[in-house]
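Each chain, written out:
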Amino acid sequence: LTPNDIEAITTNTSYDFISSVQRMNLTTGQNSTVVTNLPSQAIQIAIEPNGDTALVSATGKLLRVNLTTGETTIISDSIDGAGPIAIEKSGRTALLAIPNGPATELLRVNLTSSTTAEHVATINTSAGPIGIGVDPDGENAVIAFTNEIIRVNLQTGEQTTIRSMLCEEANI
């Protein structure tokens, strides 16, 4: 959602892997395309605090899209994969949860200097990440996986399972 809660911004990848950013007016239901032919397959999106731009986690890249003009810039092209994204409290950095084989890499990207992603933690879980957020004090990331929710301290990398949703084997 945009800061005014009037529009939803989403990514869309067509059957031929052409990625775009779409805007939907939640009052009228009208859809429009912000930009198409992104330089990589778009996976997740996060609206920046100013509401004018969005970050797009795309395969191998972190992109910034101007939501008015569609201008797209590459913030980082040194990311191995793509996954859920969250903007940290300062607005100057973003966190990405990137699936990497049997683990997920939690990365931090500086949004102002376009630097290489910084490794924060490796989370060993058998499931892929489906969402990420930052707690109100900005000290922890909370990552939702298909089978559990894990809190990661952003300074130490320490991990705490908040909720495990694994089912026990049933005897029938």
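Residues numbered from 1 in each chain as written. Predicted model: local features only at pLDDT ≥ 70, side-chain atom pairs only at ≥ 80, totals over all residues. Heavy atoms only, no water.

S.K.: Can you walk me through the environment of Gln30 in this structure?
M.R.: Inspection of the secondary structure puts Gln30 in the loop between strand E2 (19-25) and strand E3 (31-36). Gln30 sits in the exposed class, given a relative accessible area of 57%. (Helix = DSSP H or I, 4+ residues; strand = E, 2+ residues; numbered from the N terminus. Buried < 20%, exposed > 50% of the residue type's maximum accessible area, 1.4 Å probe, protein only.)

S.K.: Sorry if this is basic, but what is going on with the sheet that holds strand E11 (residues 118-124) here?
M.R.: In any sheet, the strands associate via hydrogen bonds between backbone groups, in a parallel or an antiparallel arrangement. The 4 strands lie next to each other as E8-E9-E10-E11, forming an open sheet whose pairing is antiparallel. The open sheet terminates on both sides in strands that have one partner only, identified here as strand E8 (85-87) and E11. On average, each strand axis in the sheet is tilted by 20 degrees relative to the strand beside it, whichever way the strands run. Looking at chain direction, strand E10 (residues 103-110) and E11 are connected through 6 bridges and run antiparallel. In the strand pairing of E11, Leu106 is matched with Ala121. (Pairing = 2+ DSSP bridges. Axes fitted to C-alpha atoms, helices over the stretch in contact; angles between N-to-C directions.)

S.K.: Looking at this structure, how should I read the pairing of strand E5 (residues 53-58)?
M.R.: Side-chain direction in a regular strand flips from residue to residue, so the side chains alternate between the two faces of the sheet. Within E5, 6 of the 6 residues are buried, which leaves it mostly tucked inside the rest of the structure. Pairing analysis gives 5 bridges linking strand E4 (residues 42-47) to E5, with the strands arranged antiparallel. When the sheet's bridge partners are listed, Ile45 is paired in E5 with Val56. Taken together, E4 and the strand that follows it, E5, pair antiparallel across an intervening segment of 5 residues, in which Gly51 is found at a positive phi of about 75 degrees. Hairpin connection between E5 and strand E6 (residues 61-66): a loop of 2 residues separates the two successive antiparallel strands, and Gly60 in this loop has a positive phi of roughly 80 degrees.

S.K.: Would you mind going over the pattern of salt bridges with me for this structure?
M.R.: In a structure, side chains of opposite charge can pair up when their charged atoms sit close to one another. Going through the model one piece at a time under the given rule, you end up with 4 salt bridges. The partner of Arg23 in a salt bridge is Glu7, with the nearest N and O atoms 2.8 Å apart. Of this pair, Arg23 sits in strand E2 while Glu7 sits in strand E1 (residues 7-13); the two residues are 16 residues apart in sequence, bridging distant segments of the chain. Summarising the burial analysis for this pair, Arg23 and Glu7 share the class buried. With its nearest N and O atoms 3.6 Å apart, the salt bridge here joins Glu118 to Arg108. Of this pair, Glu118 sits in strand E11 while Arg108 sits in strand E10, placing them 10 residues apart in sequence. (Salt bridge = Lys/Arg side-chain N within 4 Å of Asp/Glu carboxyl O.)

S.K.: Help me understand the side chain of Arg23, please; the structure alone is not making it clear to me.
M.R.: Judged by relative accessible area, Arg23 falls into the buried class, the value being 17%. Looking at Arg23, its side chain comes within polar contact range of the side chain of Glu7, at 2.8 Å. (Polar contact = N/O pair within 3.5 Å; in protein donor to acceptor, adjacent residues only side chain to side chain.)

S.K.: Sorry if this is basic, but what is going on with the sheet that holds strand E12 (residues 129-134) here?
M.R.: On the basis of which strands lie adjacent, the open sheet formed by 4 strands has the order E12-E13-E14-E15 and antiparallel pairing. Bordering the open sheet on either side are E12 and strand E15 (159-164), each of which pairs with just one other strand. Taking each pair of neighbouring strands and ignoring which way they run, the sheet shows an average axis angle of 20 degrees. Pairing of E12 with strand E13 (residues 140-145) involves 5 bridges; the strand directions are antiparallel. Residue Gly133 lies in a different strand from E13, and its bridge partner there is Val142.

S.K.: Just checking my understanding: could you explain the nonpolar core for this structure?
M.R.: Side chains of a nonpolar character, in soluble globular proteins, are inclined to be buried together. Counting 15 residues, the largest nonpolar core has Leu106, Ile123, Ile132, Ile143 and Val152 as its most contacted members. The set of elements that each furnish at least two residues to this core consists of strand E9 (93-100), E11, E13 and strand E14 (148-153). The next biggest cluster of nonpolar side chains, apart from the first, holds 14 residues, and it includes Ile79, Ala94, Ile98 and Val109. (Core = buried A, V, L, I, M, F, W, Y, C linked by side-chain atoms within 4.5 Å.)

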